[in-house]
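Okay, here's what each chain looks like letter by letter:
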Amino acid sequence: MISIPHKAKQFLVFSIKLLIVVGALYFMYHQLASNDALDWDQFLILYRKNQSVSGIVFLLFLSFLNRYFEILKWQNLAQVVQPISIYEATKQVLAALTLGVFTPVGVGEYAGKALYFDKKDTKKIIFLNLICNGIQIVATGVFGILGMFFLGYWLWSLGTIMGVIAFVWFSYLTKKVKIKGYSLGALLEKSNEIPKPIHRKNFILGMCRYVVFSHQYYFLFLAFDVDLPYTTLMATITTVYFLASVIPSFQFLDFALKGSLAVYFFGILEVNEWVVVFVTTLMWFLNVVLPVIIGSYFVLIFKISPQFKPIND
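Within every chain, residues take consecutive numbers counted from 1 along the sequence as written. Given that this is a predicted model, residues contribute local features only at a pLDDT of at least 70 and side-chain atom pairs are listed and counted only at 80 or more, while totals for whole chains, interfaces and linings are drawn from all residues. With hydrogens and water set aside, each side-chain value is computed from the structure's full complement of heavy atoms.

Identification of the chain as Lysylphosphatidylglycerol synthase-like protein from Flavobacterium aciduliphilum is taken from an unreviewed UniProt entry.

The following block contains the structure:
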């Protein structure tokens, strides 16, 4: 058996962490630098016209609330395994977000959070993270379907509802369809083991988070002089978020996917394409780029617990 010197292990771990951080930051920079649809001249003209310190502070506050509700959700659910502080929950959420940026459907996020707990609790943490993200999927689905109904996409809405019912029915009967390694029946059974007050709090926080980031989208359109009725604008926003959520993608491609869908749906409402692209990009910057920059720090200071040391060969 070959023993790896302690300093070599430390260097290896640091190199991996640095690679994750550099990779995450590069992917985000590349998305901004390579987007030809971003008309910076138009943006600067509009910014000088409508610039408002209070408006910028308000949008940043909404970004803070968006991530804060996510942190509270995770702190609430993590107590099933082990009570954690707000600071600890913040570290885990932001570091996991950074790790999940360039992994498909955010797989890295699940692994990132699990590394902060004992190895024996890995499956529980993955399951709790699934519950944590699940409420956002439910909120996105419910409001998205309502948005499509309001916009007149009746067949899409009914087709989605019937598709979900068929999927749930098939999954429950066959138990062959699995989500993160769990069948639907197993998910329901394990979910029932979690105290109801924790579920209720998770539901409330999830809904609050959805309301915050969907309205941040709304206020950004107002800042770009988009004059549409509140209900029409919100219905389109919820529709775009829903359709983007059902298409599996890498986190760093998420804003490009949302941008493409937003350009199509807001184009029907005759909103300028460059406005849609900028609003979508700013949403991505405020709610992904900024948290990932902070999360990069937590990735760099992360220390692997003894349970996760590499096995010597």
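### Observations concerning the UniProt feature "transmembrane region" (unreviewed entry) in the chain
Under the UniProt annotation, "transmembrane region" (unreviewed entry) lies at residues 12-32, 52-69, 125-147, 153-173, 203-224, 230-248, 255-276 and 282-302. This span, residues 52-69, is 94% helix and 0% strand, and a straight line between its end C-alpha atoms measures 26 Å. Secondary structure elements are taken from DSSP: a helix is a run of H or I of four residues or more, a strand is a run of E of two residues or more, and numbering for both begins at the N terminus. Helix and strand shares over residues 282-302 are 95% and 0% respectively, and the end C-alpha atoms of the span are 29 Å apart. UniProt positions are given in the numbering used here, feature names are shortened, and annotations may be inferred rather than shown by experiment.

### Thoughts on the packing of aromatic side chains
Stacked, tilted and edge-to-face are the three classes assigned to paired rings of Phe, Tyr and Trp, where Trp is represented by its six-membered ring and a pair needs centres within 6.5 Å; plane angles under 30 degrees give stacked, over 60 edge-to-face, the rest tilted. Scanning all chains against the criterion turns up 22 aromatic pairs. Look at F224 and F278: their rings are 6.4 Å apart centre to centre, the planes differ by 25°, and that puts the pair in the stacked class. In this pair, F224 sits in the loop between α9 (196-223) and α10 (230-245) while F278 sits in helix α12 (residues 273-301), placing the two residues 54 residues apart along the sequence. Of the two residues, F224 and F278, both sit in the buried class. Grouping aromatic residues by their ring pairs yields a cluster made of F143, Y210, F213, Y217, F221, Y241 and F266. For every residue, the accessible area obtained with a 1.4 Å probe (protein chains only) is divided by the maximum for its type, and the residue is called buried under 20%, exposed over 50%, and partly exposed between those limits.

### Side note on the pattern of salt bridges
Here, a salt bridge means any side-chain nitrogen of Lys or Arg that lies within 4 Å of a carboxyl oxygen of Asp or Glu. Enumeration over the complete set of coordinates arrives at five salt bridges. For E70, the salt bridge is made with K73, and the minimal N-O distance between the two is 3.0 Å. On the criterion of helical spacing, the pair formed by E70 and K73 is a turn pair, its members being three residues apart in helix α3 (residues 53-78). Judged by relative accessible area, which is 2%, E70 ranks as buried.

### Comments concerning α12
Here the expected span of a helix is defined as 1.5 Å times the quantity of residues minus one. The first and last C-alpha atoms of α12 sit 41 Å apart over 29 residues, in line with the 42 Å expected at 1.5 Å per residue. By definition, a residue's bend is the angle between the axes fitted to the seven residues ending there and the seven starting there. A maximum bend of about 35° is found in α12 at F285.

### Remarks on a nonpolar patch on the surface
A grouping of F58, F61, F64, Y68, I86, F219 and L222 is seen on the molecular surface, where their side chains present a nonpolar patch of about 590 Å² in accessible area. For the nonpolar patch, the element with the most residues is α3, which contributes four residues. Structurally, F64 can be placed in helix α3. Put simply, a patch holds well-exposed residues, over 30% relative accessible area, that have no salt bridge, with like charges counted together within 9 Å and Val, Leu, Ile, Met, Phe, Trp or Tyr side chains within 5 Å. Methods summary: accessible areas were calculated by the Shrake-Rupley approach with a probe of 1.4 Å, and residue burial reflects only the protein chains presented.

### A word on the confidence of the model for the chain
The quantity known as pLDDT measures the predictor's confidence residue by residue, on a range of 0 to 100. Confidence along the chain averages 80 in pLDDT terms, with 70% of residues attaining 70 or more. Model confidence for the chain, summarised as mean pLDDT per element, is weakest for helix α1 (residues 6-33) at 57 and strongest for α9 at 95. Predicted confidence is poor over residues 306-313, with pLDDT under 50, and the contacts of this stretch with residues over four places away or in other chains come to 16 contacts. Residues count as neighbours in contact if any of their non-hydrogen atoms are within 4.5 Å of one another.

### Considerations on α9
Counting along an α-helix, one turn takes 3.6 residues, and residues three or four places apart therefore face a common direction. Given a rise of 1.5 Å per residue, 28 residues ought to cover 40 Å, and the 41 Å separating the end C-alpha atoms of α9 matches this to within 8%. The positive-phi residue at the C-terminal boundary of α9 is D225, with phi of around 65°.

### Comments concerning the packing of helix α5 (residues 107-114) against helix α6 (residues 122-151)
Relative orientation of the contacting elements α5 and α6 amounts to 130°, with a least axis distance of 9 Å. The angle between α5 and α6 falls in the class oblique. In the packing of α5 onto α6, the handedness of the crossing is right-handed. Along the contact surface, α5 presents E109, Y110, K113 and A114, while α6 presents T122, I125, I126, N129, L130 and N133. Side-chain classes follow a simple rule in which Ala, Val, Leu, Ile, Met, Phe, Trp, Tyr, Cys and Pro form the nonpolar group, Asp, Glu, Lys and Arg form the charged group, and the remainder, Gly included, forms the polar group. Grouping the amino acids of the contact of α5 with α6 by side-chain chemistry returns five nonpolar, three polar and two charged. A fitted line through C-alpha atoms serves as each axis, taken over the contacting stretch for helices, and the angle formed by two N-to-C directions is quoted from 0 to 180°. Here the angle decides the label: under 35 degrees means roughly parallel, over 145 means roughly antiparallel, 65 to 115 means roughly perpendicular, and every other value means oblique. By the definition used in this description, the sense in which the near helix is turned from the far one sets the handedness, with an anticlockwise turn below a right angle giving left-handed and a clockwise turn giving right-handed.

### Observations concerning the nonpolar core
The nonpolar side chains of a soluble globular protein tend to be buried, and buried together. By nonpolar core is meant a set of buried Ala, Val, Leu, Ile, Met, Phe, Trp, Tyr and Cys residues that side-chain atoms within 4.5 Å join together. Counting 36 residues, the largest nonpolar core has Y217, F221, L233, I237, F266, V271 and V275 as the members making the most contacts within it. Broken down by secondary-structure element, the contributors of at least two residues to this core are α6, α9, α10, α11 (254-268) and α12. Sort the elements by how many residues they give to this core and α10 lands first, with eight residues. In this structure F266 touches F221, L233, T236, I237, V240, V271 and V276, once residues within four positions along its chain are discounted. I84, Y110, I131 and L187 belong to the second largest nonpolar core, which has 19 residues in total.

### Brief notes about the side chain of Q92
With respect to the element layout, Q92 can be found in helix α4 (residues 86-100). Here a polar contact is recorded for every N or O atom pair within 3.5 Å, except that within protein the pair must consist of a potential hydrogen donor and a potential acceptor, and residues adjacent in sequence are included only if both atoms are side-chain atoms. A polar contact of 2.7 Å, which involves the side chain of Q92, links it to the side chain of W74. For Q92, the residues in contact, after removing those within four places along its chain, are W74, I84, K113, Y116 and F117.

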